[in-house]
Amino acid sequence: MPTIVGFLIVFGSVLAGFMMHGGNPVVLLQWNEFIIIGGAAFGSMIIANGVRHSLYIIRSIFALLKGNPFSKERYTQLLVMLFELLTVARSEGMMKLEEHIENPEASEIIRRYPSFLSNDRALSFLTDTTKVILSGTVSLHELDMALDMDIEQYHQEAMFASHEVKKAGEAMPGFGIVAAVLGVILTMGKIGGDPSEIGQSIAAALVGTFLGVLLAYGVCTPLAAALATIARSELAYLTCIKTTLLAFLKGDSPMTCVEYARRTIEPELRPTFAELELRIREVKTRMANK
């Protein structure tokens, strides 16, 4: 929703200002310019990344219409789920935890948190790391280094769409100039003709430059920033899991583990200690009533 509202403000402001100057917005509907700029941008993206990755970028852009999925509630659910899993491991033994990790889709605990279960990156990160811990063959320092490398790889993959959209934005003014030059070439063939027709042709050519600049700074740049924000949120999400598991491996209590993880979340999305404690108290009550 914020993405849609932002685009409405951007294009609404541009059109409103143009009309206040006495301009006719219909003049800006030069579909041939859209085809030249948009087609060239998409084609260059395919050349650079291939069809599969280009379609992934487009899907990532459309996913922005739903907003940032990493909300305060989603982080809270992650912390509560981790607390519940670690409590099971502490009270019933590591073998009981293994049952939940080996088949998370069938886990009574993990299935209770569908927002986590639907996140393939986070799910594999948690299960793979827990299996390593259960094997008992890696030291705390070695696991810390391995998790940092793993998170870095995930983050680079998550930032891929943002980087490519930013590159497309940098190219947009150039494609706009290409469209404008083609329009000027056509205009030169009309020299000596009706002045009004020549003026319309020049205006149509200038629309190409206008569209290139607008798409670069009004569309691609903010889209790239929004994609980067989601990537950073996912980085924090994975960091929560890493922090919790490393703290547990050191021997800290489940509550201490999730408290360490809570403090890695940016303040705007971080649940307060009281909010987290209330949710954990509900989990303790449910587990006690089993």
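Rules and cut-offs
- Residues numbered from 1 in each chain as written.
- Predicted model: local features only at pLDDT ≥ 70, side-chain atom pairs only at ≥ 80, totals over all residues.
- Heavy atoms only, no water.
- Helix = DSSP H or I, 4+ residues; strand = E, 2+ residues; numbered from the N terminus.
- Rg over C-alpha atoms; globule rule 2.2 N^0.38 Å.
- Buried < 20%, exposed > 50% of the residue type's maximum accessible area, 1.4 Å probe, protein only.
- Contact = heavy atoms within 4.5 Å.
- Areas by Shrake-Rupley, 256 points an atom, 1.4 Å probe, with all protein chains shown as cover.
- Lys, Arg positive; Asp, Glu negative; His and termini not counted.
- Charge placed at Lys NZ, Arg CZ, Asp CG, Glu CD.
- Expected span 1.5 Å × (residues − 1).
- Bend = angle between axes of the 7 residues up to and from the residue.
- Salt bridge = Lys/Arg side-chain N within 4 Å of Asp/Glu carboxyl O.
- Axes fitted to C-alpha atoms, helices over the stretch in contact; angles between N-to-C directions.
- Parallel < 35°, antiparallel > 145°, perpendicular 65-115°, else oblique.
- Left-handed = near helix turned anticlockwise from the far one by under 90°.
- Nonpolar A, V, L, I, M, F, W, Y, C, P; charged D, E, K, R; others polar.
- Disulfide = S-S within 2.5 Å.
- Core = buried A, V, L, I, M, F, W, Y, C linked by side-chain atoms within 4.5 Å.

Draft legend 1. Up close: the overall build of the protein chain. When you go through the protein chain residue by residue, the secondary structure sums to 10 helices and zero strands. In terms of overall dimensions, the protein chain is more spread out than a globule: its C-alpha atoms have a radius of gyration of 26 Å, far above the 19 Å expected for 290 residues. Per-residue burial for the protein chain yields a buried fraction of 40% across its 290 residues. For the protein chain, contacts bridging at least 24 residues in sequence account for 76% of all contacts bridging at least 6. A total accessible area of about 15600 Å² is found for the protein chain, and carbon and sulfur atoms account for 65% of it. With 25 positive and 29 negative side-chain charges, the protein chain shows a separation of 4 Å between the mean positions of the two kinds.

Draft legend 2. Here's a closer look at helix H7 (residues 140-188). Its 49 residues give H7 an end-to-end C-alpha distance of 72 Å, which sits within 8% of 72 Å, the value for a rise of 1.5 Å per residue. Roughly 40° is the biggest bend found in H7, and it falls at Met159.

Draft legend 3. Spotlight on the side chain of Arg74. Among the structural elements, Arg74 can be located in helix H3 (residues 72-92). Nearest to the buried, unbridged Arg74 among oppositely charged side chains is Glu234, at 7.5 Å. In this structure, Arg74 is in contact with Pro69, Ser115, Ser118, Asn119 and Tyr237, ignoring residues within four places of it in sequence.

Draft legend 4. Layout of the packing of helix H4 (residues 94-102) against helix H6 (residues 120-135). Packing of H4 against H6 leaves a shortest axis separation of 10 Å and a crossing angle of 150°. Between H4 and H6, the angle falls in the class roughly antiparallel. In terms of crossing hand, the pair formed by H4 and H6 is left-handed. From H4, Met94, Leu97, Glu98, Ile101 and Glu102 reach across to H6, where they touch Thr127, Thr130, Lys131, Ile133 and Leu134. Each residue belonging to the contact of H4 with H6 can be placed in one class, and the counts come to five nonpolar, two polar and three charged.

Draft legend 5. Summary view of the packing of helix H2 (residues 31-63) against H7. As a packed pair, H2 and H7 sit with axes 7 Å apart at the nearest point and diverge in direction by 165°. In this view, H2 runs roughly antiparallel relative to H7, as classed from their interaxial angle. Handedness of the H2/H7 crossing: right-handed. Residue composition of the contact of H2 with H7, grouped by class: 17 nonpolar, five polar and three charged.

Draft legend 6. Broad picture of the environment of Val138. Summarising the element assignment, Val138 is placed in the loop between H6 and H7. For Val138 and Glu108, which are 30 residues apart along the polypeptide, the C-alpha to C-alpha distance reads 28 Å.

Draft legend 7. Quick look at the state of the cysteines. In total, this model carries zero disulfides according to the counting rule given. The thiol of Cys257 is unpaired, and the distance to the nearest cysteine sulfur, on Cys240, comes to 12 Å.

Draft legend 8. A look at the nonpolar core. Counting 66 residues, the largest nonpolar core has Tyr75, Leu78, Met81, Phe116, Leu126 and Ile241 as the members making the most contacts within it. Taken together, the elements giving at least two residues each to this core come down to H2, H3, H4, H6, H7, helix H8 (195-249), helix H9 (254-262) and helix H10 (273-288). Top element by residues in this core is H8. It accounts for 19 residues. When residues no more than four places from it in sequence are discounted, the contact partners of Leu78 are Phe116, Tyr237, Cys240 and Ile241.

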